[in-house]
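Survey of secondary and tertiary structure
These are the residues of each chain, in order.
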Amino acid sequence: MNDLLEYTIRRLIQGIFVVIVVTAILFIIMQMMPGDPIQLISSPRVSQEKIDELKELWGLDKPILVQYFYWISNLLRGDFGRSITTGQKVIDLLKSRLPYTLMLSGSALLINYIIAIPLGLLAAYKKDTILDKVLVIITVIFRAIPDFWLGILLIIIFSVSLKLLPVSGYSGLESLVLPLLTMTLPYLASILRLTRSEVLEVIREKHVSTAYAKGLKMKVVLIKHILRNALIPVTVMFFLSFPWLIGGSVIVESIFAWPGMGRLLWKAISTQDFPIVQGIIFIIALLTVTCNTAGDILTAFLDPRIRAEMKGERT
Amino acid sequence: MEKDLIKVNNLSIKFNTKLGYVSAVDDISFNIKEKEIFALVGESGSGKSTTAYALMNLINARNSIKKGEILFKGKDILKLNEREMTKIRGKEIAMIFQNPLDSLNPIYTAGSQVYEAIALDKVEKREAWNRVINIFKEVRLSDPEQRIKSYPHELSGGMRQRVMIGMMLSRRPELLIADEPTTALDVTIQSQILDIIKELKSKFNTSVLVITHDFGIVAEIADRVGVMYAGKILEIGDVYQIFENPLHPYTQLLMKSLPRITKKEGRLQTIEGSVPNLTDDIKGCRFNNRCPYSLDACKGEDSEMLEIEKGHYVACHLVVKEK
């Protein structure tokens, strides 16, 4: 287990570098983007002195490296800065939005895996039968539908025509249904196919024959020797897709006017409210690094071969 | 005369593939007596492994057709359902596989995988672990207390095959099927593994079915031999009869193609041609296209198995004609 601890620490240090690089690139991109936040919030009649004054107030007159340094040092003290357009503290905005995003993305991710893993197992067991083919084709069709289109289609069917569910915004759990569907249906295919192919691969392995040959019941072989092995890559995929779903929710949150981080990010980008953009990207980068590390550590925990490789890597 | 432990009658196995039905095993019959080592010898693709998997009832029913019967202590294995078969596997018939490198589950320790087998017999935990350690001693693994905690990737091929043998003999089965047990191993390890199989076989009174392509292994451990070619058994006899008086041209050619230290000539003799395509409906003897003595009769009807001397059977028109 000591190896695991060492590995974790090493991965976290790597992670810090990744976060620094990501935020630095982000800073440069925001700088290169055409337009200027001060111009967006002020009218052309505002005098040049006033603009310079505002720039000085926001620190925009300083060189980019200095700006970056200020931002990082403030960040370390928990200060994400203030929104340029509304003057609200970014940290407060994030705090109010994060629960909604987690509610949507988190449940989408969970439901996705809860549905896709058993279906993938079923497809693998019924390989080449009609059931297998239908499952794969249906999920692939959903995969091919763009989520913004699916979202609008669902709104038209269930909200506008059938008037069953709210169109947008958040007014209780029923508001969750449509965005959740939009975020689940297209992504079932990848988990289903991953589970299916992993299970098929493990079934072919000799150690499964061994398990049968020593007299284990089919159910025991299935759970202890097939699923336990096949789900290792699926578990890793779960962790890797978490930050990605928060990014992916930008579009879905915008369609459904969901009061989460995704919509906040989208609005902030369109108004060049860079303290918000930077704050959110920072959180996504942080989540990515944490989840990747967690995924790697979990794989090592689940698979002794990976633990052996880690040892080899160190010596 | 020992009793038959297993008797295979007219077993045929066909697989449904994209190219049509492949007849992997065609109407074969043989028996394995109690406490004997029976070897099935043949080239790759001759159907010997398929036969072994059929004895374990481990052939996927969905894409295969099985005919004939496999009588194990009077019961037909092919007629048993999965639940009944689970009781026989490991407990009465066990099997070790060709490649020990991937025949153990990589994510569990060697010990726990053997423990899993022993625990099936409702053995109390501490007692079961003691047995695991004993088994590791029996298959001559050094430092068994440490080895039970090792993962498969930490063991060499020979060690893994020892774990497999130990695991499969841990429930004291009456028949052990060893499918190419030494093929993936070094020559020095090979003979050690064969010694262990022989030793434990006499200790536990187990019958053994060895599947191999190597006459050297046959000479070393088998009591009786069946020679397989393209899904057919061509000749059966005890090991002396087969080695000293091979009757079927295929057996004779196989013997000639063995490397011998006493022979001075440079080149090894080979058998011309290749195994026929098993998707074709083959008429007559399956070896006739490669057989140097092929007769007209060989292309027509398939020859019956004939007992030439006591316990020595052969299926060949040439032998019939000469008699």
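Residues numbered from 1 in each chain as written. Chains lettered and ligands numbered in written order. Predicted model: local features only at pLDDT ≥ 70, side-chain atom pairs only at ≥ 80, totals over all residues. Heavy atoms only, no water.

This brings us to a positive patch on the surface. A cluster of like positive charges, contributed by Lys-217 and Lys-219 of chain A together with Arg-83, Lys-87 and Lys-122 of chain B, occupies part of the molecular surface. Mapped onto the fold, Lys-122 of chain B is located in the loop between helix H3 (110-119) and helix H4 (125-138). We classify Lys-122 of chain B as exposed; its relative accessible area is 76%. (Patch = residues over 30% accessible without salt bridge, like charges linked within 9 Å, V, L, I, M, F, W, Y side chains within 5 Å. Areas by Shrake-Rupley, 256 points an atom, 1.4 Å probe, with all protein chains shown as cover. Salt bridge = Lys/Arg side-chain N within 4 Å of Asp/Glu carboxyl O. Lys, Arg positive; Asp, Glu negative; His and termini not counted. Charge placed at Lys NZ, Arg CZ, Asp CG, Glu CD. Helix = DSSP H or I, 4+ residues; strand = E, 2+ residues; numbered from the N terminus. Buried < 20%, exposed > 50% of the residue type's maximum accessible area, 1.4 Å probe, protein only.)

The next thing to look at is a negative patch on the surface. Residues Glu-49, Asp-52, Glu-56 and Asp-61 of chain A make up a contiguous surface patch of negative charge. Residue position: Asp-61 of chain A is located in the loop between helix H3 (48-58) and helix H4 (64-76).

A few words now on the pairing of strand E1 (residues 4-17) of chain B. Residues and elements named next belong to chain B. Judged from the ten bridges that link them, E1 and strand E2 (residues 20-33) form a sheet pairing that is antiparallel. Considered in E2, the bridge of Lys-7 is made with Asn-31. The antiparallel hairpin formed by E1 and E2 contains two residues in its connecting segment. Sheet topology places E1 next to strand E4 (residues 64-72); eight bridges connect them, and they run antiparallel. Bridging from a neighbouring strand, Asn-9 pairs with Glu-69 of E4. (Pairing = 2+ DSSP bridges.)

Further remarks concern the side chain of His-248 of chain B. Residue and element names in this part refer to chain B. For His-248, the location among the structural elements is in the loop between helix H9 (239-244) and helix H10 (249-256). For His-248, the side chain forms a polar contact with the main-chain oxygen of Ala-315, separated by 3.2 Å. Every residue in contact with His-248, bar those within four places of it in the chain, is listed here: Leu-234, Glu-235, Cys-285, Phe-287, Val-314, Ala-315 and Cys-316. (Polar contact = N/O pair within 3.5 Å; in protein donor to acceptor, adjacent residues only side chain to side chain. Contact = heavy atoms within 4.5 Å.)

On to the nonpolar core. Soluble globular proteins: nonpolar side chains tend toward being buried together. By size, the foremost hydrophobic cluster in this structure holds 73 residues, and its most contacted members are Ile-6, Phe-30, Ile-93, Phe-136, Ile-165, Ile-177 and Leu-209 of chain B. Composition of this core by domain shows at least three residues from each of domain 1 (4-92 + 173-322) and domain 2 (100-172) of chain B. Setting aside residues no more than four positions away along its own chain, Phe-136 of chain B makes contact with Ala-110, Gly-111, Val-114, Leu-141, Pro-144, Arg-147, Ile-148 and Val-163 of chain B. Leu-75, Met-183, Met-261 and Ile-280 of chain A belong to the second largest nonpolar core, which has 53 residues in total. (Core = buried A, V, L, I, M, F, W, Y, C linked by side-chain atoms within 4.5 Å. Domains from an automatic or database assignment.)

Next up on the list: helix H7 (residues 147-161) of chain A. All names here are of chain A. With 15 residues, H7 ought to run about 21 Å at 1.5 Å a step, and its terminal C-alpha atoms sit 20 Å apart, in line with that. Ile-155 marks the point of greatest bend in H7, at about 25°. Every buried residue belonging to H7 is among Asp-147, Leu-150, Gly-151, Leu-154, Ile-155 and Ser-159, and all of these are buried. One or two residues past the end of H7 sits Lys-163, with phi positive at roughly 55°. (Expected span 1.5 Å × (residues − 1). Bend = angle between axes of the 7 residues up to and from the residue.)

Here we come to the domain arrangement of chain B. All names here are of chain B. What the domain assignment reports for chain B is domain 1 (4-92 + 173-322) and domain 2 (100-172). Taken together, the contact between domain 1 and domain 2 spans 19 residues of the former and 14 residues of the latter. Of the roughly 1600 Å² buried between domain 1 and domain 2 on both sides combined, carbon and sulfur atoms contribute 64%. Of all residues in domain 1, Pro-173, Ile-196 and Phe-204 bury the most surface against domain 2, accounting for 31% of the area lost on that side. Here domain 1 and domain 2 share three salt bridges between them. Run the count over domain 1 and domain 2 and you get five residue pairs in polar contact (both at pLDDT 80 or more). In terms of residue count, the dominant contributor to the side of domain 1 that touches domain 2 is helix H7 (residues 187-204) (nine residues). A breakdown of the residues in the side of domain 1 that touches domain 2 according to their chemical character gives eleven nonpolar, three polar and five charged. (Buried area = accessible area lost by both parts, 1.4 Å probe. Nonpolar A, V, L, I, M, F, W, Y, C, P; charged D, E, K, R; others polar.)

So, on to the side chain of Ser-159 of chain A. Residues and elements named next belong to chain A. With respect to the helices, strands and loops of the structure, Ser-159 is situated in helix H7. In this structure Ser-159 comes out as buried when scored by relative accessible area, which is 6%. Within the local environment of Ser-159, its side chain forms a polar contact with the backbone oxygen of Pro-166, the two atoms lying 3.3 Å apart. For Ser-159, the residues in contact, after removing those within four places along its chain, are Leu-154, Leu-165, Pro-166, Val-167 and Leu-178.

Moving on: the packing of helix H5 (residues 90-125) of chain A against helix H13 (residues 274-302) of chain A. Residue and element names in this part refer to chain A. Taken N-terminus to C-terminus, the directions of H5 and H13 make an angle of 50°; their axes are 10 Å apart at the nearest point. Accordingly, the angle class assigned to the pair H5 and H13 is oblique. Crossing handedness for the pair H5 and H13: right-handed. Contacts from Val-90, Leu-93 and Leu-94 of H5 reach H13 at Pro-275, Ile-276, Gly-279, Ile-280 and Ile-283. Tallied by class, the residues present in the contact of H5 with H13 amount to seven nonpolar, one polar and no charged. (Axes fitted to C-alpha atoms, helices over the stretch in contact; angles between N-to-C directions. Parallel < 35°, antiparallel > 145°, perpendicular 65-115°, else oblique. Left-handed = near helix turned anticlockwise from the far one by under 90°.)

This part takes up the sheet that holds strand E7 (residues 175-179) of chain B. Residue and element names in this part refer to chain B. Taken together, the eight strands give an open sheet; going across it, the order is E6-E7-E8-E3-E9-E10-E12-E11, and neighbouring strands pair in mixed fashion. This sheet does not close on itself; its edge strands, each paired only once, are strand E6 (93-96) and strand E11 (306-309). When strand polarity is set aside, the average angle formed by the axes of neighbouring strands in this sheet is 20°. Note: strand E9 (residues 224-229) against strand E10 (residues 232-238), six bridges, orientation antiparallel. Bridge pairing in E10 places Gly-226 opposite Ile-236. Along the sheet face, helix H1 (residues 48-55) touches strand E3 (37-41), E6, E7, strand E8 (207-212) and E9 and points at about 150° away from the line of E8.

So, on to the domain arrangement of chain A. Taken domain by domain, chain A holds domain 1 (2-76) and domain 2 (99-259). The centre of domain 1 of chain A, based on its C-alpha atoms, is set 36 Å off from the matching centre of domain 2 of chain A.

All names here are of chain A. Among the surface-exposed residues, Phe-148, Trp-149, Ile-152, Leu-153, Ile-156, Ile-157, Leu-162, Leu-164 and Ile-251 lie close enough to one another that they form a single nonpolar patch of about 840 Å² accessible area. With six residues, the top contributor of residues to the nonpolar patch is H7. Take Ile-157: it is sitting in helix H7. Of the residues examined, Ile-157 reaches a relative accessible area of 37% and is grouped as partly exposed.

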